Amino acid sequence: MLQLLCLDYDNRLKSYCVTARCDYEWYLNAVAGAEQNLEIQREIIKGTRVYATLRADLKRGCLMPPIVLAVKNLELPARLADHFESISGKETELELLSGLSLQLENVNSSSVYIIDGLQRTNALKQTLMELPESGKGAFLSGLVRIEIWLNIPFGALAYRMLLLNAGQKPMSIKHQVEILSMKLSEELSTITGIEIIKGSQHRTRKGQFQLAKLSETFQAWLQGQPNLDLRNLVMEQLLTESAIDVLGSSLKGDRPAQEKDAFRSFVGWMIAVDHLLPESDFQFLSNETVLQGLGAAVGSAERNPTLQPRMERCLNLLLEKIRSEPQGDPFGIVEFDRLRKGIDPAKVNVGQATRDMVFRAFKEYFMNDGVEAMSKCWEVAAGMG
Amino acid sequence: MEIKLNSHILEKLDLRPSCTENELKSKLDKVSSGFLNVFHSEASKSEILNIAFNGCEDKLEIHSPIYRIEKWCYHKVTNNAREIAEVVHIPHYYTSGEPRIQVDMPPTEAEKLIVKAWQLEKEVIEDSSTTGPKLINNKVLVLWKKGEYEDLSEGGRKVLYALLHASGSETPSVCKEMWWEQWKNATNLDLSDTCCILDNRDDKDLLLLKAAFEETIIKWRFLSLYRILERGYLKSILSKIQQEFMRSPQTTISDASQLLSNECSQFVGLVRDHDLRSFFEDFATGLDILSSGMNKYAIMLKRELSEDKLLSRQAFAPGNKYVKGVLLCYKIRCSIVHAGASHLMFDEFSDADDALRSLLMPLGNAVMNYVGIAMI
């Protein structure tokens, strides 16, 4: 099935483009082998976890973003072929579309190029192969939205593709989290007792948190490791994949509804703790190194089925302890301060070393299921540095 | 209050020259970690504010290191508690056209130094058309505290550069390993009050030290280091005479003439008087390891020592391991210097260079200690 929806003219590329939707069956026939048509396409990335996730989503009936195709050797209606003009009036558009419909429906795959959507096409093909015969029919009736560029010249094709690929240059996790920060602020602002502050405002009351610090904590939580300044592209890719897993598993459906956002639950816990900590420990949770180390430890446990329940028990245990005995220092903050002051600024970056120590201490606490006190975990963490 | 940051910093932070304190603080709040490879933690931002209010009157030198640096390295040069200079080795973290190499964040003190260096020299941040502006790569920054650069002689500074591997001629690869070995754990190069780098009245010591650190051939470097101790023999005897002559003239002169009659005794005396014994115990251990590993040169040195009845009695006496080290060091010196039949000849052994590679370290440490340079 191929259904042409509208026809538009690109004045920059001097080409026509049809917007359409089709089922997977038509699409896969039309693009059979199309990835070989254009030498300048990137190699298909095989076996990455991101595309494994996409395949799983396809099986669950996800709707993909539109794919962009180019078709050559079309016999365009005379008024399109001879002179380029804007399409005015719905009737003209429908008339032109119907003139193209038959040709496009029966297009030969050797005339089709994939401009944007090679990986998605590959994911579709692999998904089809993974399905049992009985499930293939239903899968092939799934719909995909497409753009079809008609007889687009190579120069224009290459230009559009390079432009798209340049635009696709992977954004760093940091950049993406920055873009998400306003949405994050909106999401977290409904937590009882939180007051999100921005810009150069300083924390003066319990419950106040800088948006920038929360955003960095979110990044550390997503990555499951405390170093935010990632300089290794392979590491960045691995962490992105891992972050997608964590976010995917926190979507509604995989978790009880009340816990659908694991990060929000974690921030809720932080706010509760912040309000219960004695005045003398007011700075503990406003320290960005503590927030990032703690966020990373919780995020890291979040993706480990064994550690995840332990981490939740441990966070609850700490909350209960601070609630029942606010002066009892269940977080071992005295020990934390003592060890932090022992870090040599001439040998290491104090911020990084502190963040790593916090990360290791909380991981240690989760690992031993809260049996050893935090003060002991700080010592273990400092010894590992 | 007037902001004392130089215009090239304000420009990179996208601030006007007449910006206010609040504008600067607000901008710094937005600077993300890793920006220009200068900002990694709050330390660099605090240092920017410190300079903005107080300025910076230090003096900066940028050197190209002798070796490609793989890790951040930070050292202070001090005389007792007085800070003379700070030094940071910026590692090689990129090659044009290649992805950045993962390196750790700089030590906090290095991060602060870089900000001061940037205030003093625009070129600390280089503009590249491919990667954009960023911190210079594979360089050594030496930041002299106000007035300290001028207080040192040129020779003194050159020795310091060599010690810091900030510049100078390339040394044998073994020296690189030695250097890393010593430096990876040290953060402070402390010069004693009498160190010839600070006090160049005895410019011959400084000359010998400079020559030793500039020497590239391993046997000559060994000999150059030895010469510093050799010169120390006479100075040590003279100083002993000056100290003790009035109290006990006859014994002092008799002891001195006995020492003067025998170079080995002078060497042993120097090592004992300056408490360099542990270094020469290490030296003896190093030679034992070499000979048990079938290093022919080491085996022959030990044999020569044991065949010398007079020396071997001293060398192998219980509790005298350092004497053994001193005498073996002396034997090496002779094997390099002499070409006659009465001594081993260094050049006859194909594994002699290998032996010196592991013995340069204890000798170098002894010399550093002797001239008043401590790595802490």
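Calculation notes
Residues numbered from 1 in each chain as written. Chains lettered and ligands numbered in written order. Predicted model: local features only at pLDDT ≥ 70, side-chain atom pairs only at ≥ 80, totals over all residues. Heavy atoms only, no water. Helix = DSSP H or I, 4+ residues; strand = E, 2+ residues; numbered from the N terminus. Buried < 20%, exposed > 50% of the residue type's maximum accessible area, 1.4 Å probe, protein only. Areas by Shrake-Rupley, 256 points an atom, 1.4 Å probe, with all protein chains shown as cover. Contact = heavy atoms within 4.5 Å. Salt bridge = Lys/Arg side-chain N within 4 Å of Asp/Glu carboxyl O. Pairing = 2+ DSSP bridges. Phe/Tyr/Trp six-rings, centres within 6.5 Å; stacked < 30°, edge-to-face > 60°. Lys NZ or Arg CZ within 6 Å of the ring centre and 35° of its normal. Patch = residues over 30% accessible without salt bridge, like charges linked within 9 Å, V, L, I, M, F, W, Y side chains within 5 Å. Axes fitted to C-alpha atoms, helices over the stretch in contact; angles between N-to-C directions. Parallel < 35°, antiparallel > 145°, perpendicular 65-115°, else oblique. Nonpolar A, V, L, I, M, F, W, Y, C, P; charged D, E, K, R; others polar. Expected span 1.5 Å × (residues − 1). Polar contact = N/O pair within 3.5 Å; in protein donor to acceptor, adjacent residues only side chain to side chain. Left-handed = near helix turned anticlockwise from the far one by under 90°. pLDDT = per-residue confidence, 0-100.

**Q** So what's going on with the overall build of chain A? Which residues, and what values?
**A** Summing up its helical and strand segments, chain A has 16 helices and 7 strands in all. Split into buried and exposed, the 385 residues of chain A put 48% on the buried side. As presented, chain A carries roughly 18900 Å² of accessible surface, and 54% of it is formed by carbon and sulfur atoms.

**Q** Got a sec to walk through the environment of R157 of chain B? Specific residues and values, please.
**A** All names here are of chain B. Position of R157 relative to the elements: it lies in helix α6 (residues 154-163). The buried category is assigned to R157, whose relative accessible area is 11%. In the structure, R157 is positioned 40 residues away from I197 in sequence and 7.4 Å away in space, judged by C-alpha atoms. Those residues within four positions of R157 in sequence are excluded, and the remaining contacts are W144, Y149 and L152.

**Q** Can you tell me about the pattern of salt bridges, naming the residues and giving the values?
**A** Within this structure, the stated rule accounts for 36 salt bridges over all chains. Between R338 of chain A and E335 of chain A there is a salt bridge, and its shortest N-O distance comes to 2.8 Å. Pair noted here: R338 of chain A and E335 of chain A are both in helix α14 (residues 333-341), with a separation of 3 residues, about one helical turn. Taking the relative accessible area as the measure of exposure, R338 of chain A reaches 52% and is therefore exposed. Note that K324 of chain B is salt-bridged to D288 of chain B, the shortest N-O span being 3.1 Å. One end of the pair, K324 of chain B, is in helix α15 (residues 321-337); the other, D288 of chain B, is in helix α12 (residues 277-292), and 36 residues separate them in sequence. Overlapping salt bridges, with partners in common, bring together D58, K76, E83, E86, K116 and K145 of chain B in one network.

**Q** For the pairing of strand β1 (residues 2-10) of chain A, give the residues involved together with the corresponding values.
**A** All names here are of chain A. Relative to strand β2 (residues 15-23), β1 is paired through 8 bridges, and the arrangement is antiparallel. Looking at the pairing, D10 lines up with S15 of β2. In sequence, β1 turns back onto β2 through a hairpin of 4 residues, with K14 there showing a positive phi of about 55°.

**Q** Lay out the environment of P362 of chain B in plain terms, naming residues and giving numbers.
**A** Residue and element names in this part refer to chain B. Within the secondary structure, P362 is located in helix α16 (residues 352-371). Residue class for P362 comes out buried when judged on its relative accessible area of 10%. Filtering out sequence-adjacent residues up to four positions away, P362 remains in contact with F279, D282 and F283.

**Q** With reference to specific residues and values, describe the packing of aromatic side chains.
**A** The description of two aromatic rings rests on the distance between their centres and on the angle between their planes. Under the criterion given, the structure shown has 24 aromatic pairs over all chains. The interplanar angle of 75° and the centroid separation of 6.5 Å between the aromatic rings of F39 of chain B and W118 of chain B together place this pair among those described as edge-to-face. Of this pair, F39 of chain B sits in the loop between α2 (21-30) and α3 (42-54) while W118 of chain B sits in helix α4 (residues 108-120); the two residues are 79 residues apart in sequence, bridging distant segments of the chain. The class for F39 of chain B is buried, based on a relative accessible area of 0%. The buried category is assigned to W118 of chain B, whose relative accessible area is 1%. When the ring centre of F209 of chain A is taken as reference, the NZ or CZ atom of R203 of chain A above it lies at 5.3 Å.

**Q** Would you mind going over a nonpolar patch on the surface in detail, with residue names and values included?
**A** Taken together, the side chains of F245, M246 and I253 of chain B present a nonpolar region at the surface, about 330 Å² in accessible area. For F245 of chain B, the location among the structural elements is in the loop between α9 (218-244) and α10 (249-261).

**Q** Explain unusual backbone geometry residue by residue, including any values.
**A** Residues and elements named next belong to chain B. Within the chain, D14 stands out as a residue other than glycine whose phi angle is a positive 60°. Looking at where D14 falls in the secondary structure, it is placed in the loop between α1 (7-12) and α2. With phi around 65°, M294 is a residue other than glycine that occupies positive phi space. Inspection of the secondary structure assignment puts M294 in the loop between α12 and α13 (296-307). By relative accessible area, which is 60% here, M294 ends up exposed.

**Q** Can you tell me about the packing of α9 of chain B against α10 of chain B, naming the residues and giving the values?
**A** Residue and element names in this part refer to chain B. Across the interface, α9 lies against α10 with an axial gap of 9 Å and an inter-helix angle of 175°. The orientation of α9 with respect to α10, classified from their angle, is roughly antiparallel. Touching L234, I237, K240, I241 and E244 of α9 are P249, T252, A256, L259 and L260, all from α10. Partitioned by chemical class, the residues of the contact of α9 with α10 number 7 nonpolar, 1 polar and 2 charged.

**Q** Describe the sheet that holds strand β7 (residues 188-191) of chain B, listing the residues and the values that go with them.
**A** Residues and elements named next belong to chain B. Overall, mixed pairing links the 6 strands, which are arranged β1-β6-β3-β2-β7-β8 in an open sheet. Sheet topology places β1 (59-63) and β8 (373-375) at the edges, where each strand pairs with a single neighbour. The mean angle between the axes of side-by-side strands here comes to 20°, regardless of whether they run parallel or antiparallel. Examined bridge by bridge, β7 and β8 share 3 bridges and lie antiparallel to one another. Paired with D190 across the strands is A374, a residue of β8. The strands touched by α6 are β1, β2 (73-79), β6 (139-144), β7 and β8; relative to β6, the strand with the most contacts, the crossing angle is about 140°.

**Q** Which residues make up helix α5 (residues 118-130) of chain A, and what are the values?
**A** All names here are of chain A. Across its 13 residues, α5 extends 18 Å between first and last C-alpha, which sits within 8% of the 18 Å expected from 1.5 Å per residue. Among the 13 residues of α5, 10 are classified as buried, and the element is accordingly described as predominantly covered. Of all the residues in α5, the buried ones are L118, Q119, R120, T121, N122, A123, L124, Q126, T127 and L128.

**Q** Could you give me a rundown of the side chain of N188 of chain B, with the residues and numbers involved?
**A** Residues and elements named next belong to chain B. Within the secondary structure layout, N188 lies in strand β7. A distance of 2.9 Å separates polar atoms of two side chains, one belonging to N188 and the other to T78. Residues in contact with N188, not counting those within four places in the same chain, are H75, K76, T78, A374, M375 and I376.

**Q** Tell me about the side chain of K45 of chain B, residues and numbers included.
**A** All names here are of chain B. As for its position among the elements, K45 is in helix α3. In this structure K45 comes out as buried when scored by relative accessible area, which is 12%. Among the polar contacts made by the side chain of K45, one reaches the main-chain carbonyl oxygen of L28 at a distance of 3.1 Å. The residues contacting K45, other than those within four sequence positions of it, are L28, D29, V31 and F39.

**Q** Provide a residue-level description of the packing of α14 of chain A against helix α15 (residues 350-367) of chain A, including the pertinent values.
**A** Residues and elements named next belong to chain A. Contact pair α14 / α15: the axes reach a minimum separation of 11 Å and the direction vectors enclose 145°. Handedness of the crossing formed by α14 with α15: right-handed. Mapping the contact onto sequence places F336, L339 and R340 in α14 and T354, M357 and V358 in α15. A breakdown of the residues in the contact of α14 with α15 according to their chemical character gives 4 nonpolar, 1 polar and 1 charged.

**Q** Which residues make up the sheet that holds strand β4 (residues 112-116) of chain A, and what values go with them?
**A** Residues and elements named next belong to chain A. As summarised here, the arrangement of the 5 strands in space is β1-β2-β5-β3-β4, forming an open sheet in which the pairing is mixed. A strand with exactly one partner marks an edge of an open sheet, and here the two such strands are β1 and β4. Across the sheet, the mean angle separating the axes of adjacent strands is 30° when strand polarity is ignored. Bridge count for strand β3 (residues 67-71) against β4 is 4 bridges, and the pairing is antiparallel. Directly across from V71, in β4, lies its bridge partner V112. Seen against the sheet, α5 touches β3 and β4 and runs at an angle of roughly 115° to β4.

**Q** An account of the confidence of the model for chain A is requested, with residue identities and associated values reported.
**A** Residues and elements named next belong to chain A. On average, residues of chain A carry a pLDDT of 82, and 76% of them reach 70 or more. Of the regions scoring below 50 in pLDDT, residues 38-46 engages in 21 contacts with residues more than four places distant in sequence or in other chains. Counting interchain partners and residues more than four positions distant, the pLDDT-below-50 stretch residues 252-260 has 13 contacts.

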